[in-house]
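A look at the structure
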Amino acid sequence: MQHARLFSLSTFRPFLAHSIRRLHARRFTVLALESSADDTCAAVVTSDRKILSNVVVNQQAFLEEYGGIHPYFALHAHQRNMPGAVQRALKEANLTVNDVDGIAFTLGPGLPGCLSVCGNAARTLAAALNKPLVGVHHMQAHALTPLLTSPPSEHPQFPFLTLLVSGGHTLLLLASSLTSFRILATTLDESIGNSYDKVARLLNIPFDGTSAGAALERYCASPLPPGEGSEDDVPEIRMPRPMPGRMAFSYTGLHSTVERFLDARRGTLDERTRLGLARSFQRAAVGQLEAKLVLGMQQLAAQGVKVKSMVVSGGVASNSYLRERLRACLDVESPDERISLLFPPPALCTDNAVMIAWASMHRFLAGDTDEYSIESRPVWSLEDLEKPGPSTTKPALVGNT
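Below: a short report on this structure. Being a predicted model, the structure only gives us computed values, none of them experimental.

The subject of this paragraph is the overall build of the protein. The helix and strand inventory of the protein stands at 12 helices and 12 strands. Accessible surface, the protein: about 18,200 Å² in total, of which carbon and sulfur atoms supply 53%.

Turning next to the pattern of salt bridges. In total, this model carries 13 salt bridges according to the counting rule given. Residue Asp270 pairs with Arg272 through a salt bridge whose shortest N-O separation is 4.0 Å. Taken together, the salt bridges that share partners define one network made up of Arg327, Asp331 and Arg338.

This next bit is on the side chain of Ser36. With respect to the helices and strands, Ser36 occurs in the loop between strand E2 (29–34) and strand E3 (40–46). Using a relative accessible area of 4% as the deciding quantity, one classes Ser36 as buried. A polar atom in the side chain of Ser36 sits 2.7 Å from the side chain of Glu34. Here His138 takes part through its side chain, which lies 3.3 Å from a polar atom of the side chain of Ser36. Residues contacting Ser36, with those up to four places away along its chain left out, are Thr106, Pro109, Gly110, Leu111, Cys114, Leu115, His138 and Asp351.

With that out of the way, let us pick up the packing of aromatic side chains. In total, this model carries three aromatic pairs according to the counting rule given. Here Arg265 stacks its cationic end above the ring of Phe261, 3.6 Å away from the centre of that ring. Stacked on the ring of Phe343, the Lys or Arg Arg323 has its end atom at 4.1 Å from the ring centre.

Moving on, we come to the nonpolar core. Core analysis: the largest hydrophobic core is formed by 59 residues, its most contacted members being Val30, Leu31, Leu33, Phe105, Leu133 and Phe181. Here this core takes eight residues from helix H12 (residues 354–366), the largest share from any one element. Beyond its immediate stretch of four places on either side in the chain, Val30 contacts Ala43, Val44, Val45, Val100, Gly102, Ala104, Ala357, Ser360, Met361 and Phe364. Counting residues in hydrophobic clusters, the runner-up holds 56 residues, among them Leu161, Val165, Leu275 and Ala285.

Here the focus is the packing of helix H10 (residues 271–302) against helix H11 (residues 320–333). Orientation of H10 relative to H11, taken along the N-to-C sense of each, is 30 degrees, at an axis distance of 10 Å. Taken as axis vectors, H10 and H11 run roughly parallel relative to one another. Taken as a pair, H10 and H11 cross one another with a handedness that is right-handed. On H11, the residues touching Gln282, Arg283, Val286, Leu289, Glu290, Leu293, Val294, Met297 and Gln298 of H10 are Tyr321, Leu322, Arg325, Leu326, Cys329, Leu330 and Glu333. Residue classes in the contact of H10 with H11 are distributed as 10 nonpolar, two polar and four charged.

Definitions and cut-offs
Here the residue numbering is sequential within each chain, running from 1 through the sequence in written order. Only residues with pLDDT of 70 or above have their local features reported here, since the model is predicted, and side-chain atom pairs are shown and tallied only from 80 upward, although totals for entire chains, interfaces and linings are computed over all residues. Neither water nor hydrogens contribute to the side-chain values; these are computed over all heavy atoms in the structure. Helix numbering and strand numbering both begin at the N terminus, where a helix is a DSSP run of H or I of at least 4 residues and a strand a DSSP run of E of at least 2. Residue exposure ignores everything except the shown protein chains as possible cover, and the areas themselves are Shrake-Rupley values with a 1.4 Å probe. We define a salt bridge as a side-chain nitrogen of Lys or Arg found within 4 Å of a carboxyl oxygen belonging to Asp or Glu. Relative accessibility decides the category of a residue: with a 1.4 Å probe and only protein chains considered, values under 20% of the type maximum give buried, values over 50% give exposed, and everything between is partly exposed. Under the rule applied, a polar contact is a pair of N or O atoms within 3.5 Å (in protein, one hydrogen donor and one hydrogen acceptor; residues adjacent in sequence only if both atoms are side-chain atoms). Should any heavy atoms of two residues lie within 4.5 Å, those residues are considered in contact. Whether two aromatic rings pair depends on their centres lying within 6.5 Å, for rings of Phe, Tyr and Trp, where Trp uses its six-membered ring; planes under 30 degrees apart make the pair stacked, over 60 edge-to-face, and the rest tilted. For a ring to carry a charge above it, either NZ of a lysine or CZ of an arginine must fall within 6 Å of the ring centroid while also lying within 35 degrees of the normal to the ring plane. Residues enter a nonpolar core if they are buried and are Ala, Val, Leu, Ile, Met, Phe, Trp, Tyr or Cys, with the set joined through side-chain atoms within 4.5 Å. To obtain an axis, a line is fitted to C-alpha atoms, over the contacting stretch when the element is a helix, and the angle between two such axes runs from 0 to 180 degrees between their N-to-C directions. Reported orientations rely on four angle classes, namely roughly parallel under 35 degrees, roughly antiparallel over 145, roughly perpendicular from 65 to 115, and oblique for the rest. Crossings are classed by handedness, with left-handed meaning an anticlockwise turn of the near helix from the far one by less than a right angle and right-handed meaning a clockwise turn. Gly falls in the polar group here, along with every residue not listed as nonpolar (Ala, Val, Leu, Ile, Met, Phe, Trp, Tyr, Cys, Pro) or charged (Asp, Glu, Lys, Arg).

Have a look at this one:
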């Protein structure tokens, strides 16, 4: 006769930790899932720093159609794409799901419905396979990616600065350990990536299969078409400098300035003015990052905190102009001692599951895992990383013969 038996993961946590320590004698393999925004991601990464697969299924067609992420359509796209992404990740890693030692996923922050897709998939896989489970903070994963992708001799040493710039976030952080972060500055309104996207659409810049932000960067770097004049003819448009001297970002004023400029001309611009407007916006957007970075470094120095490295991640970190300006900014602010500037490879700057797998690795190896009932955290400050989050208290139901 069959019957059901109730148990909580905590009842065999000591056994689980012992099993993970035994696995640590060989390499530990993590299958990770990410769906916090508009990309459906799955990846397999090992404890010896091998990326066995990295699958990203984007929703670019929906982004272009709706002018950004539409939560309803993003949710349903994730539901369609996640099974295939997991299958591809395992196939490209040449593994079966039974070869995986642990399951990781994005716990938060992000869009609630989107987070539920990777969360439900990861919890179900882990419970069905009796595998340990770890939920990861999305922004922590971005910050720690260079610890995977950079040579050991170039790893940032704690404490180091982290600038996270994406379509959802603009954060300047001080990282003191793998799990300890202090927010130095964040945006009061919208992110730099969101502002880039809005301006690209206002200027009708063609995406050509890329994101709106990448299209704007490419347009800014392009020369004037033949017959439109010389570079000296490209005007510079006055842009605001939000909150000088204050440790906070603000980007609504920049794209609003572009919008008002267009409205005053009823949307009609010659190519020189259009290019000048795009370049002026980009200079102001990145210039704000430079200004807050300098201010943050000065404040840290006054507190006796010395940093030797800076990590920049998030989708906007792929921007070449931003990379050049940040390097110049650090060299001016610290002329006597060069501060290393680290970026993940462009493919790992945007959302991906590789970073989720790597950010979970230290917890797996320490036997510090989550209950299968852990709940997603759509709103989750990086400063609260070490605080326990909400979790269901009901024990899991497992069939037993």
